Amino acid sequence: MTVELKASRYARYRRLLDIAERAEANNMWDNPVMTTPGTWAGDGTANATLTKQYRPATRLTDYSLLGGKPAMGLDGDANALTLQQVTLGATGGNLGSNVGKQSYATVVEFMTDAKIIDFPMFYGQVPRILVNDQYLSKSLPTNGGAGNPTYMHLDLTSSSAKPGNNRIRLEINNGAQFYGFNIGAAFSAWQPPQDDIVRGAFFVDSIGVGVGTAGSLYLNAFSQIAAKRLGWRSCQQIGIGGTGYQAPSTYWKFIDHISDLSLASIDILVVAGGVNDGSSGEQAAVLAFLQAARALLPNVPIVVLGSFGGSTGPSATVLAVEAAISAAVTQLADPDCFFQPVSTATSPWLNTANAAGYINGTPHPNEAGHDHYGYRTAIAVRTALQSALA
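Residues numbered from 1 in each chain as written. Predicted model: local features only at pLDDT ≥ 70, side-chain atom pairs only at ≥ 80, totals over all residues. Heavy atoms only, no water.

Our next topic: the environment of Leu305. Here Leu305 lies in strand E19 (residues 302–305). Its relative accessible area of 0% is what places Leu305 among the buried residues. When the C-alpha atoms of Leu305 and Val342 are compared, they prove to be 6.4 Å apart, with 37 residues separating the residues in sequence. Contact partners of Leu305, with chain neighbours within four places excluded, come to Val270, Val271, Ala272, Ile325, Phe339, Gln340, Val342, Trp349, Thr377 and Ala380. (Helix = DSSP H or I, 4+ residues; strand = E, 2+ residues; numbered from the N terminus. Buried < 20%, exposed > 50% of the residue type's maximum accessible area, 1.4 Å probe, protein only. Contact = heavy atoms within 4.5 Å.)

Below is the structure:
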């Protein structure tokens, strides 16, 4: 039995590291956008020639649903799919009306041999789209239609997409609903292969969900960027602003919503907090959280990041908080839990030279800062995985 357990642990880490190392050279975020993207535009009219419908209410198994817990009808529309990432409490949330459920950035993927696809988009909520892991554009398109629903039309006929089957990825921002798609009667769609899917999760505060990006574009959060650079097709942002291991947000501390770790399957967890905390009592709070997380996620690798600095680099408080986080991981003595320094790293993520270019005047990074954090986080996670196999 011991040999079997060791073999299983090795295989788990080997898979995660192999995918992460491949992604270092080839990943969705750093790949160039499509040279000839075709057209992706909206109006208020469906293409009447696309008669085969793939609605989530009846064709759910034809998609990969990534980054949260799938739910139908949270806004009272039985045809609408959303993916819950975090629980906010009795009220609040952007999934439904005061149901306490929140989503920041989630993904739907499917394979198809169709080159022309219609997507009904209620309320003008338009996703970002990739074809075979290349963005058409990293910017969110502007919905050109006034109807409700409006329709987004994807036409790859004259694009650089490959002939035959293509993998379509919709990145959905800020709780937008998914209503499926329409294709021509002669074509089909089906679920992509599942063996390459890593389901990662980030337990975070507002920084990890993307506050600081232009228009709070949660799709550009450092957590989402790091996930892509690690080869994770799924990234669950379990985050609430203003919170931490100790800090009472509008809703809860980390441990108060730890049940969100059970919303969706998780292969690896990254925890990034402390920026809203003080050092007094921090070690005990971090230890209690990690013990509770381990109880919910037996055998899942947990990578614990130190505390982020501010607009002038790490303060004395940040350094003390990071030391407490490190001490808690040491005290936990869990071979599958890894501390990775941020502000006390040999090369701190922020310093007096670079902080002004990455921070928008608060602890929140700007677009460049999220990209920088995503880069450093990917390195930190790969380092943790490598240490597990050393």
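Text resumes after the structure shown.
A few words now on the state of the cysteines. Summed over the entire model, instances satisfying the criterion amount to 0 disulfides. Between Cys235, a free cysteine, and Cys337, which holds the nearest cysteine sulfur, the sulfur-to-sulfur gap is 18 Å. Since its relative accessible area comes to 7%, Cys337 is described here as buried. (Disulfide = S-S within 2.5 Å.)

As a further point, take helix H6 (residues 316–332). Across its 17 residues, H6 extends 25 Å between first and last C-alpha, which sits within 8% of the 24 Å expected from 1.5 Å per residue. Taken together, the buried residues of H6 touch helix H5 (282–296), E19 and strand E20 (337–340). (Expected span 1.5 Å × (residues − 1).)

Across all of its chains, the model carries 1 cavity of 30 Å³ or more by this definition. If you add up the space inside the largest cavity, you get close to 30 Å³. A class-by-class count of the residues in the lining of the largest cavity yields 6 nonpolar, 2 polar and no charged. (1 Å grid on protein atoms, 1.4 Å probe; cavity = no way out; pocket = protein on both sides within 12 Å on 5 of 7 lines; lining within 4 Å. Points joined across faces, edges and corners; volume = space filled by probe spheres on them. Nonpolar A, V, L, I, M, F, W, Y, C, P; charged D, E, K, R; others polar.)

Okay, the layout of surface pockets next. Of the volumes computed, that of the largest pocket is approximately 300 Å³. Lining the largest pocket are 16 residues, with Ala23, Asn26, Asp133, Gly231 and Arg233 sitting closest to its centre. Going through the elements one at a time, helix H1 (2–25) and helix H4 (222–229) are the ones with two or more residues in the lining of the largest pocket. Here the lining of the largest pocket gets 3 residues from one element, more than from any other, and that element is H1.

Bringing the packing of aromatic side chains into the picture now. For the structure on display, the rule yields 22 aromatic pairs. Ring centres 5.9 Å apart and planes at 45 degrees place the aromatic pair Phe308 and Trp349 in the tilted group. In this pair, Phe308 is assigned in the loop between E19 and H6 and Trp349 in the loop between E20 and helix H7 (355–358), connecting sequence segments 41 residues apart. Among the aromatic residues, those joined into a cluster by ring pairs are Trp40, Tyr54, Tyr63, Phe110, Phe119, Phe178 and Phe181. Stacked on the ring of Trp29, the Lys or Arg Lys138 has its end atom at 3.9 Å from the ring centre. (Phe/Tyr/Trp six-rings, centres within 6.5 Å; stacked < 30°, edge-to-face > 60°. Lys NZ or Arg CZ within 6 Å of the ring centre and 35° of its normal.)

Burial of H4 is extensive: 8 of the 8 residues sit out of reach of the surface. For H4, every residue scored as buried is listed here: Phe222, Ser223, Gln224, Ile225, Ala226, Ala227, Lys228 and Arg229. One or two steps after H4, the chain reaches Gly231, where phi turns positive at roughly 80 degrees.

Attention now moves to the environment of Pro363. Topologically, Pro363 is positioned in the loop between H7 and helix H8 (367–389). Residue Pro363 is classed as partly exposed on the basis of its relative accessible area, which comes to 36%. Note: C-alpha distance between Pro363 and Asn276 (87 residues apart in sequence) is 9.2 Å. Discounting residues that sit within four places of it in the chain, Pro363 has contacts with Ile207, Val275 and Gly309.

Take the pattern of salt bridges next. Considering all chains together, one arrives at 18 salt bridges under this definition. Among the salt bridges present, the one from Arg59 reaches Asp62, with a minimum N-O distance of 2.8 Å. The class for Asp62 is buried, based on a relative accessible area of 13%. Here Glu109 ties to Arg167 by a salt bridge, and the two come within 3.0 Å at their closest N and O atoms. Of this pair, Glu109 sits in strand E8 (residues 105–112) while Arg167 is found in strand E13 (residues 166–173), placing the two residues 58 residues apart along the sequence. With a relative accessible area of 0%, Glu109 lands in the buried category. Several salt bridges share partner residues, and in doing so they unite Glu109, Arg128, Asp133, Arg167, Arg169, Glu171, Asp196, Lys228 and Arg233 into one network. (Salt bridge = Lys/Arg side-chain N within 4 Å of Asp/Glu carboxyl O.)

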